[in-house]
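# Analysis of the macromolecular model
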Amino acid sequence: MELGLVGLGKMGGNMRERIRRAGHTVIGYDRNPDLADVSSLKELVDSLQGPRVVWVMVPAGAATQATIDELGELLSPGDVVVDGGNSRWTDDEKHAEELGAKGIGFVDCGVSGGVWGLENGYALMYGGDAANVARVQPVFDALKPEGDFGSVHAGKVGAGHFAKMVHNGIEYAMMQAYAEGWELLEKVDSVTDVREVFRSWQEGTVIRSWLLDLAVNALDQDEHLDKLRGYAADSGEGRWTVEAAIDNAVPLPAITASLFARFASRQDDSPQMKMIAALRNQFGGHAVESK
Ligand SMILES: O=C(O)[C@H](O)[C@@H](O)[C@H](O)[C@H](O)COP(=O)(O)O
């Protein structure tokens, strides 16, 4: 089939390649002319034969909104837009309504796999009406990993991004658990080769996983992670997971703690620990450390 793909960065560029390898035609647009096959969204839309499918793979928020707005002006009734970026799931319903008013279908899709997706395939979680999903199915089949699993029609519009958001919340907590275990192992004298402990865990253990394999890769590049600063950013999905947990009164202590650990990583000194030190000093005369 023919696909229009908007956004040819780290994710979109490799996805174009994987879809082409499966024998489909992909016309890509990116603001960077070095990456793009066409020079504007209008040219992209004009180059596709109707009914069209256009996959949007740009940063969540303003960039996605602007792209969907413009596509809403350019596309025709019967066309379908897929948002494959990391959009907040609550945006999906709005996009489906805006496009639906013009007769244009909408499917949201969470995509996992990062820079490894070109070779390993991308795990896909999508939401939308069955008829719209069916239009995109050949592209989903091209992108997904080989094997029985790795893609799911998760439910209605928004369900794909909601599932991906929860996936990322789990990702946060799993990474945090490996990181905490690693720090404790590094701390004690009795364990003399932490990297080999991690490596050994890759087979036979209850906690073997791809994230563990990646941790071993990282330790092979920098055994004690001496070259890195302990600073972790976040793109939003961890926060949205915690917000959804609050909205639904679902306790998520591990995911919430792992999000907060990232916030703590961005502080040079902890204001709250200053207060704790001050209070211990006030009530118990406990020693404090000065700057
Ligand atoms: O499944 C994936 O391929 C990843 O989760 C991917 O989506 C991305 O690396 C995260 O969005 C990073 O998220 P943070 O910046 O919030 O850690």
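Residues numbered from 1 in each chain as written. Predicted model: local features only at pLDDT ≥ 70, side-chain atom pairs only at ≥ 80, totals over all residues. Heavy atoms only, no water.

This part is about the confidence of the model for the chain. Per-residue confidence for the chain gives a mean pLDDT of 97; residues scoring 70 or more make up 100%. For this predicted complex, the interface confidence reaches an ipTM of 0.97, while the overall pTM sits at 0.95. (pLDDT = per-residue confidence, 0-100.)

Together, V115, W116 and W210 make up a nonpolar patch on the protein surface, roughly 320 Å² of accessible area in all. Note on placement: W210 falls in helix α9 (residues 210-221). (Patch = residues over 30% accessible without salt bridge, like charges linked within 9 Å, V, L, I, M, F, W, Y side chains within 5 Å. Areas by Shrake-Rupley, 256 points an atom, 1.4 Å probe, with all protein chains shown as cover. Salt bridge = Lys/Arg side-chain N within 4 Å of Asp/Glu carboxyl O. Helix = DSSP H or I, 4+ residues; strand = E, 2+ residues; numbered from the N terminus.)

We now examine the sheet that holds strand β3 (residues 53-56). Spatially, β2-β1-β3-β4-β5-β6-β7 is the arrangement adopted by the 7 strands of the open sheet, whose pairing is mixed. Edge positions in the sheet fall to β2 (25-29) and β7 (151-155), since each of these pairs with one other strand and no more. Each adjacent strand pair in this sheet contributes to an overall mean axis angle of 25°, direction not counted. Where strand β1 (residues 2-6) meets β3, 3 bridges bridge the pair, whose relative direction is parallel. Residue pairing in the sheet places L5 in a bridge with W55 of β3. Set on the sheet, helix α1 (residues 10-21) makes contact with β1, β2, β3 and β5 (105-112); between it and β2 the angle comes to about 165°. Each of β4 (80-83) and β5 touches helix α4 (residues 89-100); the most contacted strand, β5, lies at about 150° to it. (Pairing = 2+ DSSP bridges. Axes fitted to C-alpha atoms, helices over the stretch in contact; angles between N-to-C directions. Contact = heavy atoms within 4.5 Å.)

Here the focus is the nonpolar core. Counting 23 residues, the largest nonpolar core has W55, V136 and F140 as its most contacted members. Of all the secondary structure elements, the ones that give two or more residues to this core are β1, α1, β3, β4, β5, β6 (123-127) and α6 (130-143). Membership of the second largest hydrophobic core comes to 19 residues, among which are V38, V45, V81 and A96. (Core = buried A, V, L, I, M, F, W, Y, C linked by side-chain atoms within 4.5 Å. Buried < 20%, exposed > 50% of the residue type's maximum accessible area, 1.4 Å probe, protein only.)

Bringing the packing of helix α3 (residues 62-74) against α4 into the picture now. It is the contact of α3 with α4, at a shortest axis distance of 10 Å, that shows an interaxial angle of 15°. When the interaxial angle is binned, α3 and α4 end up roughly parallel. You can see that α3 and α4 cross each other, and the crossing is right-handed. On α4, the residues that touch T64, Q65, I68, D69 and G72 of α3 are K94, H95, E98 and L99. (Parallel < 35°, antiparallel > 145°, perpendicular 65-115°, else oblique. Left-handed = near helix turned anticlockwise from the far one by under 90°.)

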